[in-house]
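The residues making up each chain are set out below.
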Amino acid sequence: DVKVTQSSRYLVKRTGEKVFLECVQDMDHENMFWYRQDPGLGLRLIYFSYDVKMKEKGDIPEGYSVSREKKERFSLILESASTNQTSMYLCASSLRGPWYEQYFGPGTRLTVT
Amino acid sequence: GQQVMQIPQYQHVQEGEDFTTYCNSSTTLSNIQWYKQRPGGHPVFLIQLVKSGEVKKQKRLTFQFGEAKKNSSLHITATQTTDVGTYFCAAAGGTSYGKLTFGQGTILTVHP
């Protein structure tokens, strides 16, 4: 069974703080993704990575950066958290590419106050 | 970027009634996927449709891909309380090369 884990289930941060969200997958998947989920908007892609040290912008990359130093780990960084980044953040991975089945982690609910 | 419209946003049904959610794109798609997210959970892959006019069934769930590969539907026959959750379509292709574009989701509530 593929397992995708995320470092925190709930997180509360202050405006202006630097925030790190970590994601680890244990199935040697090439592709990893970060989404944010907001009511009525579905899942929106922030960044994705198809290989170590490679990254591509998604639909809403502004205010975020990512890091993929190892194949199994993909980090999302909020350089200076703002209240409009309060959201559910979901990490996902896929074996064969972004157009194939994606496995999601449990999500991190981030609140920025 | 690519837009995928999913309707309805909400659906309340009595247990035993049928349910359908629709997904529409303005561009031709390579494939479409469907995911289910239980309340408090994360999205879980249900199925992928690739061929024009394709129909796939999983027990009480029927998935269809339109002939023009621009729309898709998920139909649940005789809903059960275990069907509650949010159903998302996710489109691949069109102008969204290299990534999936998710619909807004349909939240299904089943009243016993």
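Here's what I pulled together on the structure shown here. Just so you know, these numbers come straight off a predicted model, no measurement behind them.

Conventions and cut-offs
- Residues numbered from 1 in each chain as written.
- Chains lettered and ligands numbered in written order.
- Predicted model: local features only at pLDDT ≥ 70, side-chain atom pairs only at ≥ 80, totals over all residues.
- Heavy atoms only, no water.
- Pairing = 2+ DSSP bridges.
- Helix = DSSP H or I, 4+ residues; strand = E, 2+ residues; numbered from the N terminus.
- Axes fitted to C-alpha atoms, helices over the stretch in contact; angles between N-to-C directions.
- Disulfide = S-S within 2.5 Å.
- Buried < 20%, exposed > 50% of the residue type's maximum accessible area, 1.4 Å probe, protein only.
- Contact = heavy atoms within 4.5 Å.
- Polar contact = N/O pair within 3.5 Å; in protein donor to acceptor, adjacent residues only side chain to side chain.
- Buried area = accessible area lost by both parts, 1.4 Å probe.
- Salt bridge = Lys/Arg side-chain N within 4 Å of Asp/Glu carboxyl O.
- Nonpolar A, V, L, I, M, F, W, Y, C, P; charged D, E, K, R; others polar.

Looking now at the pairing of strand β6 (residues 55-58) of chain B. Residues and elements named next belong to chain B. Note: β6 against strand β7 (residues 61-65), four bridges, orientation antiparallel. Counterpart to glutamine 58 in the pairing with β7 is leucine 61. The hairpin formed by β6 and β7 contains two residues between the paired strands, and lysine 59 there has a positive phi angle of roughly 55°.

What follows covers the sheet that holds strand β1 (residues 4-7) of chain B. Residues and elements named next belong to chain B. With antiparallel pairing, five strands are arranged side by side in an open sheet as β1-β3-β8-β7-β6. Every other strand in the sheet has two partners, leaving β1 and β6 as the edge strands with one partner each. Ignoring which end each strand starts from, the neighbouring axes of this sheet average 15° apart.

In this section: the state of the cysteines. In protein chemistry, a disulfide is the covalent bond that joins the sulfur atoms of two cysteines. Residues and elements named next belong to chain A. All told, the structure shown has two disulfides over all chains when counted by the stated rule. The partner cysteine of cysteine 23 in its disulfide is cysteine 91, sulfur to sulfur 1.8 Å. Judged by the sign of its S-S torsion, about -75°, the cystine formed by cysteine 23 and cysteine 91 is left-handed. Here cysteine 23 is found in strand β3 (residues 19-25), whereas its partner cysteine 91 is found in strand β9 (residues 87-94), with 68 residues between them in sequence. Both residues of the pair, cysteine 23 and cysteine 91, belong to the buried class.

Moving on to the environment of glutamine 37 of chain B. Mapped onto the secondary structure, glutamine 37 of chain B falls in strand β4 (residues 29-37). Residue classification places glutamine 37 of chain B among the buried residues on the basis of a relative accessible area of 9%. Taking the C-alpha atoms as reference, glutamine 37 of chain B lies 26 Å from serine 52 of chain B; in sequence the two are 15 residues apart. In this structure glutamine 37 of chain B touches Gln37 of chain A together with His42, Pro43, Gly85, Thr86 and Phe88 of chain B, once residues within four positions along its chain are discounted. A distance of 2.9 Å separates a polar atom in the side chain of glutamine 37 of chain B from the backbone oxygen of glycine 41 of chain B.

Before going further, it helps to examine the interface of chain B and chain A. Listed per partner, the contact involves 22 residues of chain B and 20 residues of chain A. Together chain B and chain A conceal approximately 1700 Å² of surface at their shared face, both sides included; 56% is due to carbon and sulfur atoms. The tally of links from chain B across to chain A stands at one salt bridge. Taken together, chain B and chain A are joined by four residue pairs in polar contact (both at pLDDT 80 or more). Sorting the residues of the side of chain B that touches chain A by element identifies β4, β5 (44-49), β9 (85-93) and β10 (96-102) of chain B as the ones contributing at least two each. Take the side of chain B that touches chain A: its biggest share by element is six residues, from β10 of chain B. Considering only residue class, the side of chain B that touches chain A consists of eight nonpolar, 13 polar and one charged.

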